[in-house]
Amino acid sequence: THVIDLAKEPLENLKNRAVGFPDNQAIQGDFFEHKGQYDLVLEQTFFCAISPSLRADYAKQMAAIIKPGGKLAGVLFNASMNADHPPFGGTAEEYRSYFDPYFDYCIYEACRNSIDRRMGTEWFIELVRK
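Asker: How should the sheet that holds strand E3 (residues 38–44) be read in this particular structure?
Answerer: Adjacent strands of a sheet form backbone hydrogen bonds with each other and so pair up, either parallel or antiparallel. Strand order across the open sheet formed by four strands is E3-E4-E6-E5, with mixed pairing between neighbours. Either end of the sheet is taken by a strand with one partner, and the two such strands are E3 and strand E5 (103–110). Averaged over all neighbouring strand pairs, the angle between strand axes comes to 10°, with direction disregarded. The pairing of E5 with strand E6 (residues 122–129) spans seven bridges and is antiparallel. In the strand pairing of E6, Glu 109 is matched with Phe 124. The sheet strands contacting helix H2 (residues 55–65) are E3, strand E4 (66–77), E5 and E6, and the helix crosses E4 at an angle near 140°.

Structural data, given as C-alpha cells:
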C-alpha cells in the first residue's frame, strides 16, 4: 500500500492513525510527477478535487504509473457539481474521452451502494490498463 499527497499533514495524520505504516510508502509529492509502478490504484476523491482541465493529464499519468494489465478502480461523480471549486463533477460520457486511449473497461456503471444523499450521482469504475 502506498499513499501519495502533495501536503505533509495528511501523511502525518495517516502515520499517527496507522502506527507502523512504512515511511517510504507515505509519499509527499506531486501525483503528476510521480514515477512509481503499480498493479492497482484506488481513486478516492482525487479526480473530483483537481481542475477539470487536468483530467486528460490525470488519465495519462494513471496509465504511466499502472502496469499493463493493472487496474484503476474507484468512484467518480456522475453529476454537475461546482464550476469554480472542488468538488468538480462531470458525466460518464465525458470521462470516456479521458480513459479510452489508455484503458479497457471492466466495470463502468452507476454505483449501487452509494450513501442515500449521493445515490444516482456516483459512477463506479474498474478500468484495466491496455
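That covers the picture; the talk isn't over yet.
Asker: Got a minute to help me understand the pairing of E6 in this structure?
Answerer: A regular strand carries its side chains on alternate faces of the sheet. Sheet analysis places E4 next to E6, joined by seven bridges and oriented antiparallel. By the bridge assignment, Leu 72 is partnered in E6 with Leu 127.

Asker: What is the right way to look at the environment of His 34 in this model?
Answerer: Its place among the elements puts His 34 in the loop between strand E2 (26–28) and E3. For the pair His 34 and Asp 84, spaced 50 residues apart in the sequence, the C-alpha separation amounts to 26 Å. Excluding residues within four positions of it along the chain, His 34 makes contact with Ile 4, Ile 27, Gln 61 and Ile 65. Side-chain polar atoms of His 34 contact the side chain of Tyr 38, separated by 2.7 Å.

Asker: Just to check I follow, could you spell out the state of the cysteines for this structure?
Answerer: As used in these notes, a disulfide is a covalent bond between sulfur atoms, one from each of two cysteines. Inspection of the entire model under this criterion finds zero disulfides. Just so you know, Cys 48 is unpaired, no disulfide at all, and the nearest cysteine sulfur is the one on Cys 111, 12 Å from it. No disulfide involves Cys 106; its sulfur sits 15 Å from the nearest other cysteine sulfur, which is in Cys 111. Looking at Cys 106, the relative accessible area reads 48%, which means it is partly exposed.

Asker: Would you explain the packing of H2 against helix H3 (residues 92–99) in this entry?
Answerer: Helix-helix packing: each pair is described by the crossing angle between the helix axes and the interaxial distance. The contact between H2 and H3 brings their axes to 8 Å, and the two run at 50°. Regarding the angle of H2 to H3, the classification is oblique. Between H2 and H3 lies a crossing of right-handed hand. Residues Arg 55, Ala 56, Tyr 58 and Ala 59 of H2 touch H3, and the partners they reach there are Glu 94, Tyr 95, Tyr 98 and Phe 99. Residues of the contact of H2 with H3, tallied by class, amount to six nonpolar, no polar and two charged.

Asker: In this structure, what is going on with the pattern of salt bridges? I would like to understand it.
Answerer: Where charged atoms from two side chains of opposite charge come close, those side chains can pair. Scanning the entire structure with this criterion turns up eight salt bridges. Put simply, Asp 23 and Lys 15 hold a salt bridge, and the shortest N to O gap is 3.2 Å. A salt bridge links Arg 118 to Glu 122; the nearest nitrogen and oxygen atoms lie 3.9 Å apart. A relative accessible area of 33% means that Arg 118 is categorised as partly exposed. Residue classification places Glu 122 among the buried residues on the basis of a relative accessible area of 12%.

So, how was this worked out
- Residues numbered from 1 in each chain as written.
- Predicted model: local features only at pLDDT ≥ 70, side-chain atom pairs only at ≥ 80, totals over all residues.
- Heavy atoms only, no water.
- Pairing = 2+ DSSP bridges.
- Helix = DSSP H or I, 4+ residues; strand = E, 2+ residues; numbered from the N terminus.
- Axes fitted to C-alpha atoms, helices over the stretch in contact; angles between N-to-C directions.
- Contact = heavy atoms within 4.5 Å.
- Polar contact = N/O pair within 3.5 Å; in protein donor to acceptor, adjacent residues only side chain to side chain.
- Disulfide = S-S within 2.5 Å.
- Buried < 20%, exposed > 50% of the residue type's maximum accessible area, 1.4 Å probe, protein only.
- Parallel < 35°, antiparallel > 145°, perpendicular 65-115°, else oblique.
- Left-handed = near helix turned anticlockwise from the far one by under 90°.
- Nonpolar A, V, L, I, M, F, W, Y, C, P; charged D, E, K, R; others polar.
- Salt bridge = Lys/Arg side-chain N within 4 Å of Asp/Glu carboxyl O.

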